[in-house]
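Take a look at the letters that make up each chain.
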Amino acid sequence: AKTIELAPNHLDAHTAFTDTSWEAGDQQRHLTSYPYAIERLPDDAGLRRAFAERLARVKHSDEAEQHARKAIAIEPENPANHDVLGRALFGAHRFEEAAESFRRASALAPGDVAILGRYAETLTRANALGQAHDALKRALDLAPRDQENLARLSIVLRLLGEARAYGSLVDYDALTRAIAVRPPEGFADIESFHRALGPYLEAKHLTKQHPTDQTLRGGTQTLGALFADPHPLVQGLRQSLHDAVLSFVAGLPEDRAHPFFGRRERHIRFSGSWSVRLGCGGFHTNHIHPAGWISSAYYIQLPSGVAGEGRQGWFKM
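Below or above, wherever it landed, is the structure these notes cover. (Residues numbered from 1 in each chain as written. Predicted model: local features only at pLDDT ≥ 70, side-chain atom pairs only at ≥ 80, totals over all residues. Heavy atoms only, no water.)

1. Regarding the packing of aromatic side chains
Aromatic ring pairs are described here by two measures, namely the spacing of the ring centres and the angle between the planes. We apply this condition: Only rings of Phe, Tyr and Trp enter the pairing, Trp through its six-membered ring, and a pair is recorded when the two centres are within 6.5 Å. The plane angle decides the type: under 30 degrees is stacked, over 60 is edge-to-face, the rest tilted. Criterion for a charge above a ring: Arg CZ or Lys NZ at most 6 Å from the ring centre, at most 35 degrees from the ring normal.
Tallied over the entire structure, the rule returns six aromatic pairs. Taken together, a centroid distance of 5.2 Å and an interplanar angle of 65 degrees make the contact between Phe90 and Phe95 edge-to-face. Members of the aromatic cluster, joined through ring pairs, are Phe260, Phe261 and Trp293. Its end group placed over the ring of Tyr36, Arg40 keeps NZ or CZ at 3.6 Å from the ring centre.

2. Points about the pattern of salt bridges
Our working definition: The salt bridge criterion pairs a side-chain nitrogen of Lys or Arg with a carboxyl oxygen of Asp or Glu, the two atoms within 4 Å. Numbering of helices and strands runs from the N terminus; a helix is a DSSP stretch of H or I covering at least four residues, while a strand is a stretch of E covering at least two. Residue exposure (1.4 Å probe, protein chains only): buried if accessible area is under 20% of the type maximum, exposed if over 50%, otherwise partly exposed.
With the rule as written, the count across this model stands at 20 salt bridges. With a closest N to O distance of 2.9 Å, Arg87 and Asp83 form a salt bridge. Here Arg87 pairs with Asp83, and both are found in helix H6 (residues 79-91), just four residues apart, close to one helical turn. Under the relative-accessibility criterion, Arg87 is labelled partly exposed at 33%. Taken together, the shared-partner salt bridges in this structure form one network comprising Glu53, Arg57, Asp83, Arg87 and Arg118.

3. Digging into the environment of Trp293
So the rule is basically this: Contact criterion: two residues are considered in contact whenever any of their non-hydrogen atoms come within 4.5 Å of each other. The term polar contact refers here to a pair of N or O atoms within 3.5 Å; inside protein, the definition further demands a hydrogen-donor-capable atom paired with an acceptor-capable atom, and it admits residues adjacent in sequence only when both atoms are side-chain atoms.
As for its placement among the helices and strands, Trp293 is situated in the segment after strand S2 (276-284). Sequence separation of Trp293 and Arg48 is 245 residues, and the distance between their C-alpha atoms is 34 Å. Not counting residues up to four positions away in its chain, the partners in contact with Trp293 are Gln147, Val249, Leu252, Phe260, Arg263 and Arg264. Among the polar contacts listed, one links the side chain of Trp293 to the backbone oxygen of Phe260, at a separation of 3.1 Å.

4. Digging into the nonpolar core
The following threshold applies: The set of buried Ala, Val, Leu, Ile, Met, Phe, Trp, Tyr and Cys residues whose side-chain atoms join them within 4.5 Å is what this entry labels a nonpolar core.
Counting 26 residues, the largest nonpolar core has Tyr119, Leu123, Leu153 and Leu169 as the members making the most contacts within it. For this core, the secondary structure elements donating two or more residues are helix H5 (61-74), H6, helix H7 (95-108), helix H8 (113-125), helix H9 (129-142), helix H10 (147-160) and helix H11 (163-169).

5. Observations concerning the packing of H8 against H9
Rules: Every axis corresponds to a line fitted to the C-alpha atoms, with the helix fit spanning only the stretch in contact, and the corresponding angles, defined between N-to-C directions, vary from 0 to 180 degrees. Convention used here: angles under 35 degrees read as roughly parallel, angles over 145 as roughly antiparallel, angles from 65 to 115 as roughly perpendicular, and any remaining angle as oblique. Crossings are assigned a handedness: left-handed for a near helix turned anticlockwise from the far helix by less than a right angle, right-handed for a clockwise turn. All residues other than Ala, Val, Leu, Ile, Met, Phe, Trp, Tyr, Cys, Pro, Asp, Glu, Lys and Arg, Gly among them, are scored as polar; the first ten of these are nonpolar and the last four charged.
Close contact between H8 and H9 brings their axes to 8 Å; oriented N to C, the two are set at 165 degrees. The angle between H8 and H9 falls in the class roughly antiparallel. For the pair H8 and H9, the crossing hand works out as left-handed. For the pair H8 and H9, the contacting residues are Val113, Leu116, Tyr119, Ala120, Leu123 and Thr124 in the first and Leu129, Gln131, Ala132, Ala135, Leu136, Arg138, Ala139 and Leu142 in the second. For the contact of H8 with H9, the per-class residue count stands at eleven nonpolar, two polar and one charged.

6. Digging into a nonpolar patch on the surface
Applied cut-off: Candidate patch residues must exceed 30% relative accessible area and have no salt bridge, after which like charges are joined if within 9 Å and Val, Leu, Ile, Met, Phe, Trp or Tyr side chains if within 5 Å. To measure how exposed things are, a 1.4 Å probe is used in the Shrake-Rupley method; for residues, cover is taken only from the protein chains shown.
On the surface, a cluster of nonpolar side chains totalling about 350 Å² of accessible area is made up of Tyr299, Leu302 and Phe315. Along the polypeptide, Tyr299 turns up in the segment after S2.

7. Thoughts on unusual backbone geometry
Where the residue is not glycine, phi is negative for most of them; where a peptide bond is considered, it is trans in most cases. You will see that Lys59, though not glycine, has its phi angle at about 70 degrees, which is positive. Here Lys59 shows up in the loop between helix H4 (45-57) and H5. Of note in the backbone geometry, His93 takes a positive phi value of approximately 65 degrees without being a glycine. Considering the arrangement of structural elements, one finds His93 in the loop between H6 and H7.

8. Considerations on helix H13 (residues 190-203)
Applied cut-off: Under the convention used throughout, the expected extent of a helix is 1.5 Å for every residue step, that is, one less than its residue count. In this scheme, the bend at a residue equals the angle between the axes fitted to the seven residues that finish there and the seven that begin there.
Compared with the 20 Å implied by 1.5 Å per residue over 14 residues, the 20 Å span of H13 between its first and last C-alpha is a close match. A maximum bend of about 30 degrees is found in H13 at Leu197, where proline Pro199 lies one to four positions downstream. Three or more residues of H13 are buried, namely Ile190, Ser192, Phe193, His194, Leu197, Gly198 and Leu201. Where the residues of H13 are buried, they touch helix H14 (232-250).

9. Here's the deal with the side chain of Thr207
Position of Thr207 among the secondary structure elements: in the loop between H13 and strand S1 (216-221). Residues within four places of Thr207 in sequence aside, it is in contact with Glu23, Thr220, Gln221, Leu223 and Arg277.

10. Focus on the packing of H6 against H7
It is at 8 Å that the axes of H6 and H7 come closest, and there the two elements cross at 165 degrees. Judged by the angle between their axes, H6 and H7 are roughly antiparallel. Between H6 and H7 lies a crossing of left-handed hand. When H6 is examined against H7, the residues Pro79, His82, Asp83, Leu85, Gly86, Arg87, Leu89 and Phe90 are found in contact with a partner set consisting of Phe95, Glu97, Ala98, Ser101, Phe102, Arg104, Ala105 and Leu108.

11. Considerations on H4
The first and last C-alpha atoms of H4 sit 18 Å apart over 13 residues, in line with the 18 Å expected at 1.5 Å per residue. By the criterion of burial, H4 is predominantly enclosed, with ten of the 13 residues buried. Along H4, the residues that are buried comprise Ala45, Gly46, Leu47, Arg48, Ala50, Phe51, Ala52, Arg54, Leu55 and Ala56. Among the structural elements, helix H2 (11-23), helix H3 (33-40), H5 and H6 are those in contact with the buried residues of H4. One or two positions beyond H4, positive phi appears at Lys59, with a value near 70 degrees.

Note that every value here comes from positions in space, so none of it alone points to a role or purpose.
Pasting the structure below:
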């Protein structure tokens, strides 16, 4: 807060303040720093844009639209302003208007594959599937292994009825698998390891709410990279998961031309790691992990409800 008082347009300070207040459950302070700064710097497009992006995250779409349009009025040629307006309109389910905003953003930044991807996703929601396919082709020509846009392409191909192209890209038999993980050294079985690891992970959950930039709803997430923790329990988990993933990779088909199988190597590294604790009714929204080649969930503790006949704990594909 002191940093923002001294430098109202310090965007990193706003991000830290807003994230901390939200995850601490401090609703009264959560969105207060941006209005304070905008009152002092009303013509700062970056502030307006950052506030609009934050408002869009927490589904305040109307107010997000207002600040995005003010940012555009200040900097009409900045693609980021049109991009954040598109996100606000998308959140309000005004897909045709959102698509036009993303189209403008893409015209101003033709090499930005993230904007092209959002444009394609919005066109898909507007049922303009051919245009969405064209936008994704442009994006994947620029970045052939962009996993977010490959995921979008899979949806468009399925909706277009392109069964052969869809099946070639999305091979569920080869790509989805439940893997038994061996216990780390020093543990007789995986259950005894979980009993030791569970309380340690519980103690690392320090926040009260989910992060606003993640797909988690109704739960909490640990801070930072979990596998950077040197504790023997965490490092034991890391090694066991590393071995399990290597085994999975070794069984993948050989196809150097495929956007997924073609990335198969003899070595792997973890691009992200965290612990999630779901509350009653907690869940994840539909998502993919753009920074990870292979994604997985590993369960330390499960409620009894997931063993019933309902759909608790199910993955959705």
